[in-house]
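What follows is the residue order along each chain.
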Amino acid sequence: MYFLYILFGVIFSASAQEFVEPAFVVEPYPEWYVGLRVRRDVTFDKQIGDGKVFGTLGQNDKGLFGKGGYEHQIFNDHRGTLNAQAYGTRVLGPAGDSSHLGGALNWKNPNAAASFDISKQIHGGTSYQAAAGGRWPVGKNGDFSLQGTYGKQPGMSREYGGLGSFNYRW
């Protein structure tokens, strides 16, 4: 019987507290200070041989985020520069949480560049983006350039495009 009295008392006191409004509300920061506050992200970047380990923890309007990964330079010689990257991200926000794993390849030389990026959302779709472009001189005052992109986001149709141009400076 005492159990029922205690249970009734706990339920009554908990429901009564919902209707009581506080006498005053204390703001954690004054209004003038909030406008002056600078966004602070924690970053980490450490060279390891031909590669580097990187990471970022921070916050924005969408919530908290973290990104970490490894970037490695595969070659840097007469063929150009080729870098590879593997990374992971985690976002915590009011609209929901998400985790991504991905990788990228980036190549460039003095006349051309190309990149490929693929990302997989955990329990979600895969997105990829490929882009390439180049510019080659023609004579003393001209150049010819080509660019192209191709990509796919989960739930969206494919995106692609190309551009070619010839520039001559008189």
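Relevant structure appears above.
Below: a short report on this structure.

What counts, and where the lines are drawn
- Residues numbered from 1 in each chain as written.
- Predicted model: local features only at pLDDT ≥ 70, side-chain atom pairs only at ≥ 80, totals over all residues.
- Heavy atoms only, no water.
- Helix = DSSP H or I, 4+ residues; strand = E, 2+ residues; numbered from the N terminus.
- Buried < 20%, exposed > 50% of the residue type's maximum accessible area, 1.4 Å probe, protein only.
- Contact = heavy atoms within 4.5 Å.
- Pairing = 2+ DSSP bridges.
- Axes fitted to C-alpha atoms, helices over the stretch in contact; angles between N-to-C directions.
- Salt bridge = Lys/Arg side-chain N within 4 Å of Asp/Glu carboxyl O.
- Phe/Tyr/Trp six-rings, centres within 6.5 Å; stacked < 30°, edge-to-face > 60°.
- Lys NZ or Arg CZ within 6 Å of the ring centre and 35° of its normal.

Description of the overall build of the chain
- The helix and strand tally for the chain stands at two helices and nine strands.
- Overall, the chain shows an N-to-C arrangement of helices and strands of α-α-β-β-β-β-β-β-β-β-β.
- Among the 170 residues that make up the chain, the fraction classed as buried is 17%.
- Partitioning the intrachain contacts of the chain with sequence separation of at least 6 by distance along the chain shows that 21% fall at a separation of at least 24.

Brief notes about the sheet that holds strand 6 (residues 112-121)
- Taken in spatial order, the nine strands of this open sheet run 1-2-3-4-5-6-7-8-9, and their pairing is antiparallel. Pairing within the sheet leaves two strands with one partner each, and these edge strands are strand 1 (42-48) and strand 9 (159-168). The sheet shows a mean angle of 10 degrees between the axes of neighbouring strands, direction not considered.
- With eleven bridges connecting them, strand 7 (residues 126-138) and strand 8 (residues 142-152) associate as antiparallel partners. By the bridge assignment, A132 is partnered in strand 8 with G148.

Here we look at unusual backbone geometry
- Here the phi dihedral of H123 falls at roughly 60 degrees; this positive angle occurs in a residue that is not glycine.
- Looking at the secondary structure, you find H123 in the loop between strand 6 and strand 7.
- Overall, the relative accessible area of 85% leaves H123 in the exposed class.

Considerations on the pattern of salt bridges
- If you walk through the whole model with that rule in mind, you get five salt bridges.
- With a shortest N-O distance of 3.9 Å, R90 and D97 are connected by a salt bridge.
- The class of R90 is partly exposed, set by a relative accessible area of 39%.
- R135 is the salt-bridge partner of D143, the closest N and O atoms lying 3.6 Å from each other.

Section: the pairing of strand 6
- As paired strands, strand 5 (residues 98-108) and strand 6 are joined by nine bridges and run antiparallel to one another. Bridging across to strand 6, G102 finds its partner in S119.
- Where strand 6 and strand 7 come together, nine bridges link them in antiparallel fashion. Each bridged residue has a counterpart across the sheet, and for F116 the counterpart in strand 7 is A130.

Here we look at the packing of aromatic side chains
- This model, assessed by the stated rule, comprises three aromatic pairs.
- The interplanar angle of 25 degrees and the centroid separation of 6.3 Å between the aromatic rings of Y128 and Y150 together place this pair among those described as stacked. Here Y150 lies in strand 8 and Y128 lies in strand 7, a separation of 22 residues in the sequence.
- Among the residues examined, Y150 registers a relative accessible area of 33% and is labelled partly exposed.
- Ring pairs connect the aromatic residues Y128, Y150 and Y160, which therefore count as one cluster.
- Seen from the ring of Y87, K67 lies directly overhead, with NZ or CZ sitting 4.7 Å from the centre.
- Lying over the aromatic face of F75, R79 brings its terminal NZ or CZ to 4.0 Å of the ring centre.

Function-wise, these values are silent; they only describe arrangement.
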